[in-house]
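So the chains spell out like this:
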Amino acid sequence: MLDDGSRIVVVAAKASAALVAVAFLYGLTNFYLFGGRFLGFEEPGPTISEVDILTGDTVTPEILMGWLGLERGAPLFGSRARLFFSPDLRVAHARASANPTLASLSVSREFSGKVTIRATERIPLVRIAGNGLAVDRDGNVFAFRKVGMEGLVAIDGALPSSLQAGNRIVPSSLDAAFGMTGGRDVPSAMGIAALRLIDFLADGKAAIPVSAIRSINTDSPDYLKILFKDGRSATLAWDCMKSSQAQDGRDYLDAQVGGLARAMASREGRQHRSFDFTIKGRGFGR
């Protein structure tokens, strides 16, 4: 039997051996990955030799590389790298991912020196008249510079003056209060109604093609005013157009759009320049 003093010596010896083993493995790994800086050597670690990058037209490869702080010939794991992760790149990745234009961003590295970057930009549904902002079908507002943006339907009228990239349009103040976007939500019931109308027309199955519309005005709290590319206009409203649930008024919207399309295409309707379809089941032109 070991006395207390002997047991303490044995435990201390085991602990010391474990610490030595851990330090040796850490130093060996560091030497393999990062050129042995842990051991005081100056041999260079792996560097970036190839960048495979796919991104969009607004956040270009040059912009994205700058955000991430990556360039060919630079250290693969950053100046403060530790083991298998780089705090430098991790922080830069989080900052770049927060850009409103990006829907997703992934970065992967290989020991060969290859870095693979994949960025996906949000898909614009409409543009906001008078600036370079676009809105996707979920209400996310972001900067968009793609050629042909002027071909998107423009929304103008009573949108919040504070609206900026990074915001998300929601139907009401209640939706904003219970949103999970860190205060980015901006209520605009008629803005949401305009998005739902264009989203409904965008799949090409509706009686009116989205390509026929130039702009939608949201000034009225009761209806949308649609300006068509042929110079005609229409006011449109449907049940549940301001609901927090997008599907609530889908059937009503379908019926109103169908009625408007038939009126505009009729022999008598072709002579009219404006149409009123704000009452369920009724409409007229003048």
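Anything mentioned here points back to the structure above.
Reading guide: rules and limits
Residues numbered from 1 in each chain as written. Predicted model: local features only at pLDDT ≥ 70, side-chain atom pairs only at ≥ 80, totals over all residues. Heavy atoms only, no water. 1 Å grid on protein atoms, 1.4 Å probe; cavity = no way out; pocket = protein on both sides within 12 Å on 5 of 7 lines; lining within 4 Å. Points joined across faces, edges and corners; volume = space filled by probe spheres on them. Helix = DSSP H or I, 4+ residues; strand = E, 2+ residues; numbered from the N terminus. Nonpolar A, V, L, I, M, F, W, Y, C, P; charged D, E, K, R; others polar. Axes fitted to C-alpha atoms, helices over the stretch in contact; angles between N-to-C directions. Parallel < 35°, antiparallel > 145°, perpendicular 65-115°, else oblique. Contact = heavy atoms within 4.5 Å. Phe/Tyr/Trp six-rings, centres within 6.5 Å; stacked < 30°, edge-to-face > 60°. Buried < 20%, exposed > 50% of the residue type's maximum accessible area, 1.4 Å probe, protein only. Expected span 1.5 Å × (residues − 1). Salt bridge = Lys/Arg side-chain N within 4 Å of Asp/Glu carboxyl O.

Novice: Could you give an account of the layout of surface pockets, naming the residues involved and the relevant values?
Specialist: The volume enclosed by the largest pocket comes to roughly 390 Å³. What lines the largest pocket is a set of 17 residues, and nearest its centre among them are Arg-137, Asp-138, Ile-192, Arg-196 and Ala-246. Sorting elements by how many residues they give to the lining of the largest pocket places helix H5 (residues 189–202) first, with four residues. For the lining of the largest pocket, the residue count by class is six nonpolar, three polar and eight charged.

Novice: So what about empty space enclosed by the protein? Which residues, and what values?
Specialist: Here the structure, examined in full by the defined rule, presents one cavity of 30 Å³ or more. Looking at the largest cavity, its volume works out to about 40 Å³. Around the largest cavity sit Arg-196, Trp-238, Cys-240, Met-241, Ala-246, Gly-249, Arg-250 and Leu-253, which together line it. Taken together, the residues of the lining of the largest cavity sort by class into five nonpolar, one polar and two charged.

Novice: With reference to specific residues and values, describe the packing of H5 against helix H6 (residues 250–265).
Specialist: The geometry of a pair of packed helices is captured by two quantities: the angle between their axes and the separation between those axes. In contact at an axis separation of 11 Å, H5 and H6 are set at 70 degrees when each is read in the N-to-C sense. Comparing the axis directions of H5 and H6 gives the class roughly perpendicular. Along its contact with H5, which presents Arg-196, Leu-197, Asp-199, Phe-200 and Leu-201, the element H6 presents Arg-250, Leu-253, Asp-254 and Val-257.

Novice: Quick one: what's the story with the packing of aromatic side chains, residue by residue and with numbers?
Specialist: Two aromatic rings are characterised by how far apart their centres lie and by the angle between their planes. Evaluation of the coordinates by the stated rule reveals one aromatic pair. Considering the side-chain rings of Phe-142 and Phe-144, the 6.3 Å spacing of their centres and the 85 degrees angle between planes classify their relative orientation as edge-to-face. On the accessibility criterion, Phe-142 (0% relative accessible area) is buried.

Novice: Provide a residue-level description of H6, including the pertinent values.
Specialist: An α-helical turn contains 3.6 residues, so any two residues separated by three or four positions project in the same direction. Taking 1.5 Å per residue as the helical rise, H6 with its 16 residues ought to reach 22 Å, and the 22 Å between its terminal C-alpha atoms agrees with that figure. Taken residue by residue, H6 has Leu-253, Gln-256, Val-257, Gly-258, Gly-259, Leu-260, Ala-261 and Met-264 as its buried positions. Lining the buried residues of H6 we find H5, strand S11 (224–228), strand S12 (233–236) and strand S13 (274–279).

Novice: Tell me about the pattern of salt bridges, and name the residues and values.
Specialist: This model, assessed by the stated rule, comprises six salt bridges. Between Asp-52 and Arg-118 there is a salt bridge; the shortest N-O distance is 3.0 Å. Here the residue Asp-52 occupies a position in strand S1 (residues 50–54), and Arg-118 occupies one in strand S3 (residues 114–121), the gap between them amounting to 66 residues. When its relative accessible area of 31% is taken as the criterion, Arg-118 is described as partly exposed. Residue Arg-232 pairs with Asp-230 through a salt bridge whose shortest N-O separation is 3.1 Å. Accessibility expressed as a relative area gives 11% for Arg-232, which makes it buried. Taking relative accessible area as the criterion, Asp-230 reaches 45% and is therefore assigned partly exposed.

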